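Inside the fold
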Amino acid sequence: GNSVTQMEGPVTLSEEAFLTINCTYTATGYPSLFWYVQYPGEGLQLLLKATKADDKGSNKGFEATYRKETTSFHLEKGSVQVSDSAVYFCALHLYNQGGKLIFGQGTELSVKP
Amino acid sequence: EAQVTQNPRYLITVTGKKLTVTCSQNMNHEYMSWYRQDPGLGLRQIYYSMNVEVTDKGDVPEGYKVSRKEKRNFPLILESPSPNQTSLYFCASSLRRDTGELFFGEGSRLTVL
């Protein structure tokens, strides 16, 4: 079946530290991959996406590269800020599954000053 | 301002008392969907709609109904709520089903006693 697995949280970092949140997927076909972010008390927002192998998505200093050989889409940021504290969701999208996004369980990030 | 609006944002109810969570989007999006978010499980799709009068089940449709009589509205109906439907619910929309770029509402936290 189709699924997404993320590293467990919570992840606690100091400001300006390097961030990696691991995400691996299992999918039939050729999914598009996404990272969504959920700030406290809000809905999810699209952070970045990649639609095919070797594509790199980037936004707000975050990056992720679609690695087909390792079925991974790890999220990275070189220097986190307190304002990056949120829950991050990795997701895959399959057109032939009714447009459904399949989400990982989410990883909570807490950045301390 | 482009947005997805859900109401109510918070609701406490009792087992068996029918309720409706409304969802409205102002972006003329074709695709709308409902998800529930539970700790450790990420988001799971309940129902989706590819256009007016076209709806289909997601992964966890039991105990829920939907309708799509107008393009902008996609209400979620719980005919006889039970405690296992206590959850955080999100409505989302996108221009088409093939993008994976969902716009989410702020969420409706439902407690069924």
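Everything that follows concerns the structure shown earlier in this document.
Computed from a predicted model, the values in this text were never measured in an experiment. (Residues numbered from 1 in each chain as written. Chains lettered and ligands numbered in written order. Predicted model: local features only at pLDDT ≥ 70, side-chain atom pairs only at ≥ 80, totals over all residues. Heavy atoms only, no water.)

**Quick notes on unusual backbone geometry**
Note: most peptide bonds trans; most residues except glycine with negative phi. The following threshold applies: Secondary structure elements are taken from DSSP: a helix is a run of H or I of four residues or more, a strand is a run of E of two residues or more, and numbering for both begins at the N terminus. Type-normalised accessible area, obtained with a 1.4 Å probe on protein chains alone, sets the label of each residue: buried when under 20%, exposed when over 50%, and partly exposed for intermediate values.
The step from Gly9(A) to Pro10(A) runs through a cis peptide bond, and the omega angle for that step is -5°. In this chain, Asn7(B) is followed by Pro8(B) through a cis amide linkage whose omega measures -5°. With respect to the secondary-structure elements, Pro8(B) resides in the loop between strand E1 (4-7) and strand E2 (10-13). Not every positive phi belongs to a glycine, and Asp54(A) is a case in point at roughly 75°. You can see Asp54(A) is positioned in the loop between strand E6 (44-50) and strand E7 (56-59). Classification of Asp54(A) as exposed rests on a relative accessible area of 54%. The backbone phi angle of Glu53(B) is positive, close to 65°, even though this residue is not glycine. Among the secondary structure elements, Glu53(B) is positioned in the loop between strand E5 (42-51) and strand E6 (54-57).

**What about the interface of chain B and chain A?**
Note the threshold: Contacts between residues were defined by any pair of non-hydrogen atoms, one from each residue, lying within 4.5 Å. Summed over both partners, the accessible area (1.4 Å probe) lost when two parts come together is defined as the buried area. A pairing counts as a salt bridge when a side-chain nitrogen of Lys or Arg comes within 4 Å of a carboxyl oxygen of Asp or Glu. Polarity classes work like this: nonpolar for Ala, Val, Leu, Ile, Met, Phe, Trp, Tyr, Cys and Pro, charged for Asp, Glu, Lys and Arg, and polar for all others, with Gly in that last group.
Contact residues are listed per partner, giving 22 residues for chain B and 19 residues for chain A. Across the chain B to chain A interface the summed buried area is about 1700 Å²; carbon plus sulfur atoms make up 53%. Between chain B and chain A we count two salt bridges in total. Lys100(A) is the partner of Asp59(B) in a salt bridge, and the nearest nitrogen-oxygen pair spans 2.8 Å. Per-element accounting of the side of chain B that touches chain A gives the leading share, four residues, to E5(B). Broken down by class, the residue content of the side of chain B that touches chain A amounts to nine nonpolar, seven polar and six charged.

**A closer look at the pattern of salt bridges**
Residues and elements named next belong to chain B. Tallying each qualifying case throughout the model produces nine salt bridges over all chains. Between Glu 79 and Lys 65 there is a salt bridge; the shortest N-O distance is 3.0 Å. With Glu 79 in the loop between strand E8 (76-78) and strand E9 (87-94) and Lys 65 in strand E7 (residues 65-66), the pair connects residues that are 14 residues apart, well separated along the chain. Given a relative accessible area of 35%, Glu 79 falls into the partly exposed group. Among the residues examined, Lys 65 registers a relative accessible area of 42% and is labelled partly exposed. Linked through salt bridges whose partners overlap, the residues forming this network are Arg 36, Asp 38 and Arg 44.

**As for the packing of aromatic side chains**
The line we're drawing: Centres within 6.5 Å make a pair out of two Phe, Tyr or Trp rings, where for Trp the six-membered ring is used; the pair is then stacked when the planes are under 30 degrees apart, edge-to-face when over 60, and tilted otherwise.
Counted by the stated rule, this structure contains twelve aromatic pairs over all chains. Note on Tyr36(A) and Phe104(B): the rings are 5.8 Å apart at their centroids and 80° apart in plane angle, and the pair reads as edge-to-face. Of this pair, Tyr36(A) sits in strand E5 (residues 32-38) while Phe104(B) is found in strand E10 (residues 103-104), placing the two residues in two different chains. Judged by its relative accessible area of 0%, Tyr36(A) falls in the buried class. One aromatic cluster in this structure is built from Phe34(A), Tyr36(A), Phe89(A), Phe103(A), Tyr35(B), Phe90(B) and Phe104(B).

**Here we look at the nonpolar core**
As a reminder, the rule being used: We define the nonpolar core as a collection of buried residues of types Ala, Val, Leu, Ile, Met, Phe, Trp, Tyr and Cys that are connected through side-chain atoms lying within 4.5 Å of one another.
Residues Trp35(A), Leu47(A), Leu48(A), Phe73(A), Leu75(A) and Tyr88(A) are the most contacted members of the largest nonpolar core, which totals 28 residues. It is strand E10 (residues 86-93) of chain A that contributes the most residues to this core, four residues altogether. Every residue in contact with Leu48(A), bar those within four places of it in the chain, is listed here: Leu33(A), Phe34(A), Trp35(A), Gly57(A), Ser58(A), Asn59(A), Phe62(A), Glu63(A), Ala64(A), Phe73(A) and Leu75(A). Judged by nonpolar contacts, the second largest core, of 19 residues, contains Val4(B), Met27(B), Met32(B) and Trp34(B).

**Looking at the state of the cysteines**
Here a disulfide denotes a covalent bond joining the sulfur atom of one cysteine to the sulfur atom of another. Stated precisely, the cut-off is as follows: Here, the term disulfide refers to a pair of cysteine sulfur atoms separated by no more than 2.5 Å.
Applying the stated rule across the entire model yields two disulfides over all chains. Through a disulfide, Cys23(A) is tied to Cys90(A); the S-S separation comes to 2.0 Å. In this structure, the disulfide formed by Cys23(A) and Cys90(A) twists by about -70° around the S-S bond and is classed as left-handed. Remark: Cys90(A) occurs in strand E10 and Cys23(A) occurs in strand E4 (residues 23-26); sequence separation between them is 67 residues. Each member of the pair, Cys23(A) as well as Cys90(A), carries the same accessibility label: buried. Here Cys23(B) connects covalently by a disulfide to Cys91(B), the sulfurs 1.9 Å from one another. Disulfide Cys23(B)-Cys91(B): torsion about the S-S bond near -75°, hence left-handed. Of the two residues, Cys23(B) sits in strand E3 (residues 19-25) while Cys91(B) sits in strand E9, which places them 68 residues apart along the sequence. The same class applies to Cys23(B) as to Cys91(B), namely buried.

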